[in-house]
Amino acid sequence: MSVLSPRRRSAAAVLAVLATALAVTITAPATASPGATATSSKPSKAPKDKIRPDLRKQLDSKDQADFWVAFEAKADLSKAASIKDWNVRGTAVAAALKATAAASQQSVRGTLDSAGVEYQSFWATNAIKVTGGKRALVEALATRAEVASVSPSFKVEPPKVTASGTVAAATASAVEWGVANIRADEVWAQYGVHGEGITIASIDTGTQFDHPALVRQYRGNNGDGTFDHNYNWFDAAGTCGPVPCDNHGHGTHTMGTMVGDDGAGHQIGVAPGAKWITANGCCPDDTALIASGQWMLEPTDLNGQNPDASKRPNIVNNSWGSTTPSDEPILEDISLAWTASGIFGIFANGNSGPACQTSGSPGSRVINYSVGAYDSSNAIASFSSRGSGQDGAIKPDISAPGASILSSLPGDRYEAWDGTSMATPHVAGTIALLWSAAGGLVGDIDETRALLDGTAIDSPDGQCGGTDADNNVFGQGRLDALALLKSAPIGPVGRVAGTATDTAGTPIAGAQITVAGPVTRQLTTTADGAFASGILPIGTYTVSAKKYGYEVPSATVQITQDATSTVALKLVPLPYKTVSGTVTDGSGHGWPLYAKLMIDGYTEGPIFTDPVTGRYSVRLPASTAYQVHVFPQYDGYATSDRTVQLGDADLTYDLSLTADQSSCTAPGYRWNGTGEDFTGWTSGTTDGWTTSGQPAWRFDNPGYRTAPNDGGGRFAIADAAYAGVKRFDTTLTSPAYDLSAQDSPVIAFDTAYYGSSNQRADVDVSVDGGKTWTNVWQKTTGNTFGRVTVALPQAAHRTGVRVRFHYQGRNGNWWALDDVFVGTHACVVTEGGLVVGFAKDTTGASVYATVARTAAAQEKTTTVTTPVDPNLGDGLYWLFSSATGPTELTATAATYTSATATVPVVKNAIVTQDWTLTKVGG
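Rules used in this analysis
Residues numbered from 1 in each chain as written. Predicted model: local features only at pLDDT ≥ 70, side-chain atom pairs only at ≥ 80, totals over all residues. Heavy atoms only, no water. Helix = DSSP H or I, 4+ residues; strand = E, 2+ residues; numbered from the N terminus. Expected span 1.5 Å × (residues − 1). Buried < 20%, exposed > 50% of the residue type's maximum accessible area, 1.4 Å probe, protein only. Polar contact = N/O pair within 3.5 Å; in protein donor to acceptor, adjacent residues only side chain to side chain. 1 Å grid on protein atoms, 1.4 Å probe; cavity = no way out; pocket = protein on both sides within 12 Å on 5 of 7 lines; lining within 4 Å. Points joined across faces, edges and corners; volume = space filled by probe spheres on them. Patch = residues over 30% accessible without salt bridge, like charges linked within 9 Å, V, L, I, M, F, W, Y side chains within 5 Å. Areas by Shrake-Rupley, 256 points an atom, 1.4 Å probe, with all protein chains shown as cover. Salt bridge = Lys/Arg side-chain N within 4 Å of Asp/Glu carboxyl O. Lys, Arg positive; Asp, Glu negative; His and termini not counted. Charge placed at Lys NZ, Arg CZ, Asp CG, Glu CD. Disulfide = S-S within 2.5 Å. Axes fitted to C-alpha atoms, helices over the stretch in contact; angles between N-to-C directions. Left-handed = near helix turned anticlockwise from the far one by under 90°. Contact = heavy atoms within 4.5 Å. Nonpolar A, V, L, I, M, F, W, Y, C, P; charged D, E, K, R; others polar. pLDDT = per-residue confidence, 0-100. Phe/Tyr/Trp six-rings, centres within 6.5 Å; stacked < 30°, edge-to-face > 60°. Lys NZ or Arg CZ within 6 Å of the ring centre and 35° of its normal. Pairing = 2+ DSSP bridges. Core = buried A, V, L, I, M, F, W, Y, C linked by side-chain atoms within 4.5 Å.

Caption draft 1: Geometry of helix 9 (residues 286–297). Over its 12 residues, helix 9 runs 17 Å from end to end, which matches the ideal 16 Å to within 8%, given 1.5 Å per residue. Here helix 9 lies mainly inside the structure; 12 of its 12 residues are buried. Residues of helix 9 that are buried: Asp-286, Thr-287, Ala-288, Leu-289, Ile-290, Ala-291, Ser-292, Gly-293, Gln-294, Trp-295, Met-296 and Leu-297. Of the residues that open helix 9, the one with a side-chain oxygen 3.1 Å from the backbone nitrogen of Thr-287 is Asp-285.

Caption draft 2: Spatial organisation of the layout of surface pockets. Considering only enclosed or pocket space, the second largest pocket measures out at about 410 Å³ in volume. Lining the second largest pocket are 21 residues, with Arg-56, Asp-60, Arg-135, Tyr-896 and Lys-919 sitting closest to its centre. Mapped onto the lining of the second largest pocket, the elements with two or more residues apiece are helix 2 (47–50), helix 3 (53–61) and helix 5 (135–142). The leading source of residues in the lining of the second largest pocket is helix 3, at five residues.

Caption draft 3: Representation of a negative patch on the surface in the model. On the surface, Asp-54, Asp-327, Glu-328 and Asp-391 cluster together to form a negatively charged patch. Inspection of the secondary structure assignment puts Asp-391 in the loop between strand 13 (369–374) and strand 14 (398–401).

Caption draft 4: Region of interest: the state of the cysteines. Enumeration over the complete set of coordinates arrives at four disulfides. Each sulfur of the disulfide joining Cys-356 and Cys-464 lies 2.0 Å from the other. Sign of the S-S torsion, about -80° for the bond between Cys-356 and Cys-464, identifies this disulfide as left-handed. With Cys-356 in the loop between strand 12 (344–348) and strand 13 and Cys-464 in the loop between helix 12 (445–455) and helix 13 (481–487), this residue pair connects regions lying 108 residues apart in the sequence.

Caption draft 5: Representation of the packing of helix 8 (residues 250–259) against helix 11 (residues 420–437) within the structure. Where helix 8 contacts helix 11, the two axes come as close as 8 Å, and the packing angle between them is 40°. Seen from above, helix 8 lies across helix 11 with right-handed handedness. Here His-250, His-253, Thr-254, Thr-257 and Met-258 of helix 8 come into contact with helix 11, specifically with Ser-421, Met-422, Pro-425, His-426, Ala-428 and Gly-429. In terms of residue class, the contact of helix 8 with helix 11 is built from four nonpolar, seven polar and no charged.

Caption draft 6: Quick look at the confidence of the model for the protein. Scored by pLDDT, the protein has a mean of 88; 92% of the residues are at 70 or more. Low pLDDT (under 50) marks residues 1–43, which in the prediction has 112 contacts with non-local residues, meaning those over four places away or in another chain.

Caption draft 7: Seen up close, empty space enclosed by the protein. Enumeration over the complete set of coordinates arrives at one cavity of 30 Å³ or more. Taken as a whole, the largest cavity spans an internal volume of roughly 60 Å³. If you go around the largest cavity, the residues you meet are Val-579, Leu-597, Ile-599, Tyr-616, Val-618, Leu-620, Tyr-626, Val-628, Val-644, Tyr-653 and Leu-655. Secondary-structure elements contributing two or more residues to the lining of the largest cavity are strand 26 (595–599), strand 28 (615–621) and strand 29 (624–632). For the lining of the largest cavity, the element with the most residues is strand 28, which contributes three residues.

Caption draft 8: Just the packing of aromatic side chains, in detail. Under the counting rule described, the total for this entry stands at 29 aromatic pairs. Seen in terms of ring centroids, Tyr-634 and Trp-878 are 4.4 Å apart; in terms of plane orientation they differ by 45°. Their pairing is tilted. Here Tyr-634 is found in the loop between strand 29 and strand 30 (640–646), whereas its partner Trp-878 is found in strand 46 (residues 876–881), with 244 residues between them in sequence. Here Tyr-634 and Trp-878 have matching classes, each one buried. The rings of Phe-678, Trp-689, Trp-697, Phe-699, Phe-728, Phe-749, Tyr-753, Trp-777, Phe-805, Tyr-807 and Trp-815 are connected pair by pair, giving a single aromatic cluster. Taking NZ or CZ as reference, Lys-596 lies 5.5 Å from the ring centre of Phe-631, over its face.

Caption draft 9: A look at the sheet that holds strand 12. Spatially, seven strands are ordered 9-10-8-11-12-13-14 in an open sheet, and the strand pairing comes out parallel. Here the strands that pair on one side only, and so sit at the sheet edges, are strand 9 (233–234) and strand 14. For strand 13 and strand 14, the ladder comprises four bridges, and the chain directions are parallel. Note on strand 14: the bridge partner recorded for Ala-373 is Ala-400. Against the sheet, helix 12 makes contact with strand 12, strand 13 and strand 14, and its axis sits at roughly 45° relative to strand 12, the strand it touches most.

Caption draft 10: Fine view of the environment of Lys-577. Note on placement: Lys-577 falls in strand 25 (residues 576–585). Distance in space between the C-alpha atoms of Lys-577 and Leu-646 is 7.9 Å, their sequence separation being 69 residues. Beyond its immediate sequence surroundings of up to four residues, Lys-577 is in contact with Val-618, Arg-619, Leu-620, Ala-622, Leu-646, Gly-647, Asp-648, Ala-649 and Asp-650.

Caption draft 11: Region of the structure containing the side chain of Asp-502. Residue position: Asp-502 is located in strand 17 (residues 493–502). No salt bridge is formed by the buried Asp-502; the nearest opposite charge belongs to Lys-570, separated by 6.8 Å. A distance of 2.9 Å separates the side chain of Asp-502 from the backbone nitrogen of Ala-504, its partner in a polar contact.

Caption draft 12: Quick look at the nonpolar core. Among the nonpolar cores identified, the biggest contains 60 residues, and Ile-315, Phe-344, Val-427, Trp-435 and Leu-452 are the most heavily contacted of them. Per-element tally for this core: the top contributor is helix 11, with eight residues. Among all residues touching Ile-315, those that are not within four sequence positions of it are Ile-198, Thr-199, Ile-200, Ala-201, Ile-343, Phe-344, Ala-428, Ile-431, Ala-432 and Trp-435.

Caption draft 13: Up close: unusual backbone geometry. That bond from Ser-361 to Pro-362 is cis: its omega, 5°, falls within 30 degrees of zero. Along the polypeptide, Pro-362 turns up in the loop between strand 12 and strand 13. With omega at 15°, the peptide bond leading from Gly-387 into Ser-388 counts as cis. Relative to the helices and strands, Ser-388 is located in the loop between strand 13 and strand 14. Its identity as a non-glycine residue notwithstanding, Thr-895 has a phi of 70°, on the positive side. In this fold, Thr-895 is placed in the loop between strand 47 (885–892) and strand 48 (896–897).

Caption draft 14: Structural context of the environment of Gln-305. For Gln-305, the position within the fold is in the loop between helix 9 and strand 11 (315–318). Look at Gln-305 and you get partly exposed, because its relative accessible area is 45%. Along the sequence, Gln-305 and Asn-230 sit 75 residues apart, while their C-alpha atoms lie 9.8 Å from each other. Beyond its immediate chain neighbours, meaning those up to four positions away, Gln-305 contacts Tyr-231 and Thr-300.

Now the structure itself:
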């Protein structure tokens, strides 16, 4: 299908489209941030709850911030997908969004004008970005009924990729390995399509529009040696002007993988027959990013005027995202608007692997289709982020070639790069091939996702959970463009529709419908129990319904050309039973644990235990075996996977979780030894340690040297360069330790040592209380950073063991130390108890406070957010106290008056202590 030329429509015609096709209404779901769309209407929040905690923290330290005002009103775009005309659909969606934003933002815009602050209004996400607003303005806006939330400005990092090698155009491979791996070249040969009639866009760093591999495919190329950049280029970053450019290279590289072909046999792109447009919205700031997403819905000329939704792209590639694991709803509203408008948005899953739980937003979000990366041997790339994603969703959704991908770069160059940024455009190009061959699928996002999922090559990998067919490493599997086209509805087609109800005739929403025949499709019933397929090749199909808690019915249906066959499915409910129990510590303390339980097949979301009692309860269909995954909410406990067999009676099922022996960070556990992190040190002798010589060891880092680790806080440093001494000889000596019960003690420490030939750093050990010393580690020239561990076999079963750090020489540099540990790396119980509770202010709003044992500064914690747990508000904390009995605790928070309380801490148990803090001057 080709993108139709723009049709001129009157304002009345547009309104008619809105009224008849979209039935536009304004609803009021609560939102968390710009781009976050709730799924159900709720009463408006109290003003104090509308201001996001991270914005409050910014305003606590500085009475001014950049922030987003998100509005309750959302345009109803639910009927947009039923509009068959591409131009009408896009125009209607944009007009509905604009109308909703204009009506809901009007009053607030007046307030901002009166305040004299700089702001920018958006309609694709119903939000306003305010620059340099003060606390009083934030608090005033939060009182407005039409405001859903006020949240801080956010950052999305520019893409970080690794270059694998540079080649000249003359030596570039004829067909890039990734293109051949997904069998795109076989699609060209067998189906004769290369993406013709489809427009791909990217939100990236820009593109060199006249690169030999890209210039012929640029939509702004007039074909006569001239170019028209109107509607084809958006300089969101303000760095290029009216002519597309790329000051980074990332955008040119990703575009090459989508459409690149220089016409001379160098085929780097999956869909070289498609056209492309671009915006350089990634990632100078959040405003540019959101403005780019809005521009894609309704591109404008170079002056930002005369918007025209008929010129929107079919596909938007997003090879960017948060660089750390995140489920923040970045661009959420815009992603939903793209889908409503028929635009397929696709996202990189991130480059933070190989650990699990590293998927980055927006790719981690359920509504977005995200891509992981594999190499030329079909092995997952080590850097490829793993899931799970938002609310336990499998992420990535699919994987594609992303290692050593050769593509275009500014300066008419070619270079091989690594990254999920390189994998994502393979999928974007493949969708262009699909839509070029099967025009009836253009704009059908759900059907296209189902086809991609169903034809991916299964790639079993259980390291991060999931199944062989769908897991948190590869997603649904490896991309296969040829299998995708073979499964596509090309030729005579029809449709199937129907309803799913229970035996009483009540509609069943959310049932998974499988339509299996010449091709297989997965559908989901709507709130009224209805389902309807996209276009399907004609033939005989079996239609079945699967819903948690019901038996699985099926029916046979014949799909005929240009007709819709109907089927009614009745689901018989299964009997339910209750599974309940307690999750506790299993490594010695035995106290109840706050934990999250995920049950395979259970669709109602995670189950949380009570933080104080550890109790949980859930209703499940009887006579079934369930896989239960238990995730501790306290740091330092290991996760657990269990199989629970539920019979025909209620079941009590208690669980215990063990402290992670590799980290020993669970509350109430420690390594079998003694540590020193120098917290609170200023000078002289602390915790039994002594210093001597010149220059004196300091703990305030007067020379602003690099810390030995990323832990923050104070550390010890002998800084000869800062002191300016020509000759120096200084020691830092520990107190005596009793290692009589230890078989294999070590000394471990973090170091930042800057060496030279004129200095020496020694670590010595004494087993006789300091009378004699033996050297166990030494450095002169060369720098040493990070964690050092040295075995101390001579100290096993000895009392009076001391260690010292001896730094000497002339004209030296410096030696910094932190987190010194002497003992055995075995995790043992520390006697004490847990204190659990919440911190609020006098209005009931959550406070992000620090709670500490007054007499032991190292025993402290901070309150946390609990956004996924429906039973808890924010402000939860848990604190381990090594003291038991009446124990004084202190709670502090910025801009609040501190509070103290005496808490009866109980050994190996939990007690509760809530805090109400008062604003300073309040």
